[in-house]
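Secondary and tertiary structure notes
One letter stands for each residue in the lines below.
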Amino acid sequence: MATDSRPDTFDSVDWDRVEADTGGVPVVAVVEALTFLAFGAALAYDYLIVPEGEPTVLDWDVTAVEWLFVAVLLLGLFHVVVPLARSRRMTAYYWRQFRKNRLAVASLGYLGVLLVIGVLGPAIWAAPNETISYAEAYAPPIFIGGDLASLDHALGTDAQGRHLWHLIVYGIRVSFEVGLIAMTLAITIGTIVGAVAAYFGGYVDEVLMRYVDIQQTFPVFILLLLLIYLYGASLFLIILLYGVFGWEGTARLVRSEALQRTEEAYSRAAEAAGASKLWVVRRHIIPNVSSTVITAATLSIPVFILGEAALSFLGFGDPGTFSWGRTINAGRSDIDSAWWISTIPGLFLFLTVLAFNFVGDALRDAIDPRSDSG
Amino acid sequence: MRWYVARRLAWALVATWLAVTLTFGVLLAAPNPGADAAAAQCASQDRDPEQCRQQYLESRGLDRPAHVQYIDYMTDLAALDFGYSESQEEPVTAAIADAWIYSAQYFVPSIIISVLIGYSIGLYSALNRYTLTDYLGSFVAYFGISIPNFWFAIVLILVVGVYFREASLLGVSLDALSLRTYYETSYGVFTVENAKQLIMPVIVLATASVASQMRYSRAQALEYANADFVKTARAKGASTWRVLVAHVLRVALVPLSTILIVDILAVLFAGSFIIEAIFQIPGLGRLQLEAITQKDTDLVAAVTLIPVFLAIVGNLIQDLAYVLLDPRIDYGDR
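Small disclaimer: the values here were computed from a predicted structure and weren't measured. (Residues numbered from 1 in each chain as written. Chains lettered and ligands numbered in written order. Predicted model: local features only at pLDDT ≥ 70, side-chain atom pairs only at ≥ 80, totals over all residues. Heavy atoms only, no water.)

The next subject is the overall build of chain A. A tally of regular secondary structure across chain A gives 15 helices and 2 strands. Looking at chain A as a whole, 46% of its 374 residues are labelled buried. A total accessible area of about 18,400 Å² is found for chain A, and carbon and sulfur atoms account for 65% of it. (Helix = DSSP H or I, 4+ residues; strand = E, 2+ residues; numbered from the N terminus. Buried < 20%, exposed > 50% of the residue type's maximum accessible area, 1.4 Å probe, protein only. Areas by Shrake-Rupley, 256 points an atom, 1.4 Å probe, with all protein chains shown as cover.)

Structural data, given as structure tokens:
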């Protein structure tokens, strides 16, 4: 690396990095590599050794979507939580900025609780189909009262006597899987395409951006309907399609941001020092557009969640999952006698999307000093 | 500039061709759901499912080589022949011609409302930041982009269609305020009954796009809120509305118009499926849903392509409008 040949002075050295340095490779990178190696081994074990249809561990048969979800959570741990914990000063600064927006702090708390419930909840509360009991069908929530209301199903039951709270808990899992996995896919593709288009320019830029134009004219929702029609609905397919066809906004945003960055002195200096194009994109352009990327990432999650819920509502969701959209649709025919079946999961969906929007906007204000959306 | 317009037109053609080819390719590569359904039906009648599948494919010319099918498909499309819809039992073009009027009835009012209300609140709140109106505006914006429109529609039905029918306020029955929950096709287009039953669909569809128009217009207007020409206009004593309409809107309109078409189309298309499913309006969205559930491939392909064509034309108009509206834009190198 050419830039390292400068003589180091005390204040130009990044001491955090030196402390973490164990012979060239940072500890965190080693731990991350080992974790993902273990993850790959577990994945191989599930798909190569465990027979089809048998549970992977105990009685939990890990699905493809759940594997992806675990990978995304691990990525989040290593690329969001660990960096924040390692650079305390910047974290404290961002937190002071973020804290100014009280609604956003409350939203973050709400989302944190939902994430924990979504990840651990299915281990605590039984799957909704195991709570089917026709004797208890249409029980109202406890705060309404009535003969059937009971603490056992505090939020009421649906047409088959399934506990609404269990349906909601399993719905949280689905919504977070859709939102986080699709976001990770879309943001990764969008950032790479945008940064490469901006930095390489010329024909590369032209071809990539023309492709983005085409993708933008194909409304994702319509494309999803077409593909679900042809291949049948599965949560995996829906998430994959949202991720693979939902990145054009990010790519545009990153491109316009990166175009400014490529002109700045540090990119020029790196080039002059002999850094390869790929190195400049990876080490200088992408880190410097990260504030745009983080905001775009947070604000894209609610779009994906709403999209999946809308698909499920229309009956094109995965029939094997308990998406909120499906529960809302199922309660639609009983709207005048049992209003809670549709409205309570809908309220959760609404609050979740609202919370992501609040957090995204507050993040933009906190980490991007230039933005003035206020 | 002529060169730019010519290139832009050529690009629209290329994009159309690519979109059609992609759709064709996807349809060709995927298993045909209609053929599967035919095979399943035969199997249930103790006939050979494979033979039925072959029959189905042969009767529609789907067993021919791919390039023959492709040329056929493209020439048919060029002649605006989208094939025959089995679920509607009429040519696809006729089915679409019957359906579009029902979609337009709530589409057009929603667009007009969302632009008028969205822009006026957005511009006004940009010039009056940190006032009650501004906070109210941003509350409406968050509400609009966050509320799932299908859930909003259900809650509206619950309140307006179910609750109002029996409730009374200060002894006055609210029944007069209750609206039809399901669409009745027998009313004429320009009748009071028809307008009344369209209120709920329009409100649901407009909420989301009002919010996004408001956000964009506010962000745009904020850029000019402290510009010299705005200060001059104010110093000369122009009223807030005059400053907004004559000065701010004029410059903000150019970037806003570029967002408008594509964004509105995206919001409205996804919304139209849900609204037509909930309120049972026999428009394009419902046509598409029926086509999908009844495995009517020709109709699915056609109704998929319509939004794409509209988006391409919308993009084209928008880019040309951009060049005409803003003389500063350099269109030499693209």
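Here the narrative resumes.
This part takes up the overall build of chain B. Summing up its helical and strand segments, chain B has 12 helices and 4 strands in all. Seen through its principal axes, chain B has C-alpha atoms that stretch 85 × 70 × 30 Å. Classification of the 334 residues of chain B by burial places 45% in the buried group. Carbon and sulfur atoms make up 64% of the accessible area of chain B, which totals about 16,900 Å². Taking the average place of the 22 positive charges on the side chains of chain B and the average place of its 29 negative ones, the gap between the two points comes to 16 Å. (Lys, Arg positive; Asp, Glu negative; His and termini not counted. Charge placed at Lys NZ, Arg CZ, Asp CG, Glu CD.)

Further remarks concern the state of the cysteines. Residue and element names in this part refer to chain B. Scanning the model with the defined rule gives 1 disulfide over all chains in all. Here C42 pairs with C52 through a disulfide, and the sulfurs are 1.8 Å apart. Where C42 bonds to C52 through sulfur, the torsion about that S-S bond is close to -95°, and the disulfide is left-handed. Here C42, found in helix α2 (residues 33–44), pairs with C52, found in helix α3 (residues 49–59); they are 10 residues apart in sequence, far enough to count as distant. (Disulfide = S-S within 2.5 Å.)

Here the focus is the UniProt feature "transmembrane region" (unreviewed entry) in chain A. All names here are of chain A. Those places that UniProt annotates as "transmembrane region" (unreviewed entry) correspond, in this numbering, to residues 25–45, 65–82, 103–125, 176–200, 220–245, 292–317 and 337–360. Here residues 176–200 runs as 100% helix and 0% strand, with 35 Å between its end C-alpha atoms. Strand forms 0% of residues 337–360 and helix 88%; the C-alpha atoms that close the span are 38 Å apart. (UniProt positions renumbered as here; feature names shortened; annotations may be inferred.)

Moving on, we come to the nonpolar core. With 144 residues, the main nonpolar core has A:Y242, A:L311, A:L314, A:L349, B:F150 and B:F279 as its most contacted residues. Per-element accounting of this core gives the leading share, 20 residues, to helix α6 (residues 164–200) of chain A. The next biggest cluster of nonpolar side chains, apart from the first, holds 19 residues, and it includes B:A126, B:A221, B:V230 and B:L256. (Core = buried A, V, L, I, M, F, W, Y, C linked by side-chain atoms within 4.5 Å.)

Moving on, we come to helix α2 (residues 27–49) of chain A. All names here are of chain A. Between its terminal C-alpha atoms α2 stretches 32 Å, which fits the 33 Å expected from 23 residues at 1.5 Å a residue. Along α2, the residues that are buried comprise E32, F39 and D46. If you follow the buried residues of α2, they end up packed against α3 (64–86). (Expected span 1.5 Å × (residues − 1). Contact = heavy atoms within 4.5 Å.)

Turning to the pattern of salt bridges, a few remarks are in order. Residues and elements named next belong to chain A. By the definition in use, this model includes 11 salt bridges over all chains. A salt bridge links R255 to D205; the nearest nitrogen and oxygen atoms lie 2.8 Å apart. You can see R255 sitting in helix α10 (residues 248–262) and its partner D205 sitting in helix α7 (residues 202–217), a full 50 residues away along the chain. According to the relative accessible area criterion, R255 is buried, its value standing at 18%. Residue classification places D205 among the buried residues on the basis of a relative accessible area of 10%. (Salt bridge = Lys/Arg side-chain N within 4 Å of Asp/Glu carboxyl O.)

With that settled, the discussion passes to the interface of chain B and chain A. Facing 49 residues of chain B, the contacting portion of chain A comprises 43 residues. Where chain B abuts chain A, roughly 4,200 Å² becomes buried across the two surfaces, and 76% of that area is made up of carbon and sulfur atoms. For the interface between chain B and chain A, the tally reads 1 salt bridge. Between B:R215 and A:D361 there is a salt bridge, with the nearest N and O atoms lying 2.5 Å from each other. Between chain B and chain A we count 5 residue pairs in polar contact (both at pLDDT 80 or more) in total. Looking at the side of chain B that touches chain A, the elements that each hand over two or more residues are α1 (2–29), α6 (132–146), α7 (149–166), α8 (192–224), α10 (240–279), α11 (284–293) and α12 (297–325) of chain B. Looking at side-chain class alone, the side of chain B that touches chain A contains 37 nonpolar, 6 polar and 6 charged residues. (Buried area = accessible area lost by both parts, 1.4 Å probe. Polar contact = N/O pair within 3.5 Å; in protein donor to acceptor, adjacent residues only side chain to side chain. Nonpolar A, V, L, I, M, F, W, Y, C, P; charged D, E, K, R; others polar.)

A separate point is the packing of α7(A) against α10(A). Residue and element names in this part refer to chain A. Look at α7 against α10: their axes get within 9 Å of each other, and the N-to-C directions meet at 145°. In the packing of α7 onto α10, the handedness of the crossing is left-handed. Contacts between α7 and α10 involve D205, M209, V212, D213, Q215 and Q216 from the first element and E248, A251, R252 and R255 from the second. When its residues are assigned to classes, the contact of α7 with α10 shows 3 nonpolar, 2 polar and 5 charged. (Axes fitted to C-alpha atoms, helices over the stretch in contact; angles between N-to-C directions. Left-handed = near helix turned anticlockwise from the far one by under 90°.)

This brings us to a nonpolar patch on the surface. Residues and elements named next belong to chain A. Among the surface-exposed residues, L73, V116, V119, L120 and I124 lie close enough to one another that they form a single nonpolar patch of about 410 Å² accessible area. As for its placement among the helices and strands, L73 is situated in helix α3. Of the residues examined, L73 reaches a relative accessible area of 30% and is grouped as partly exposed. (Patch = residues over 30% accessible without salt bridge, like charges linked within 9 Å, V, L, I, M, F, W, Y side chains within 5 Å.)

Before going further, it helps to examine the UniProt feature "domain: ABC transmembrane type-1" (unreviewed entry) in chain A. In the numbering used here, UniProt assigns the feature "domain: ABC transmembrane type-1" (unreviewed entry) to residues 172–360 of chain A. Strand forms 0% of residues 172–360 of chain A and helix 83%; the C-alpha atoms that close the span are 19 Å apart.

This brings us to the packing of aromatic side chains. Under the criterion given, the structure shown has 24 aromatic pairs over all chains. Ring geometry for B:Y106 against B:F107: centres 6.1 Å apart, planes inclined by 65°, an arrangement best described as edge-to-face. Taking relative accessible area as the criterion, B:Y106 reaches 0% and is therefore assigned buried. B:F107 sits in the buried class, given a relative accessible area of 15%. An aromatic cluster of three or more residues is present, and its members are A:F350, B:F139, B:F143, B:W151 and B:F152. Taking NZ or CZ as reference, A:R210 lies 5.0 Å from the ring centre of B:W11, over its face. Positioned above the aromatic ring of B:Y142, the side-chain terminus of B:R215 is 5.6 Å from the ring centre. (Phe/Tyr/Trp six-rings, centres within 6.5 Å; stacked < 30°, edge-to-face > 60°. Lys NZ or Arg CZ within 6 Å of the ring centre and 35° of its normal.)

The subject of this paragraph is the environment of B:T297. Tracing the chain through its elements places B:T297 in helix α12. In this structure B:T297 comes out as buried when scored by relative accessible area, which is 14%. When the C-alpha atoms of B:T297 and B:G34 are compared, they prove to be 6.8 Å apart, with 263 residues separating the residues in sequence. With sequence-adjacent residues up to four places away left out, B:T297 is seen in contact with A:Y229, B:L27, B:N32, B:P33 and B:G34.

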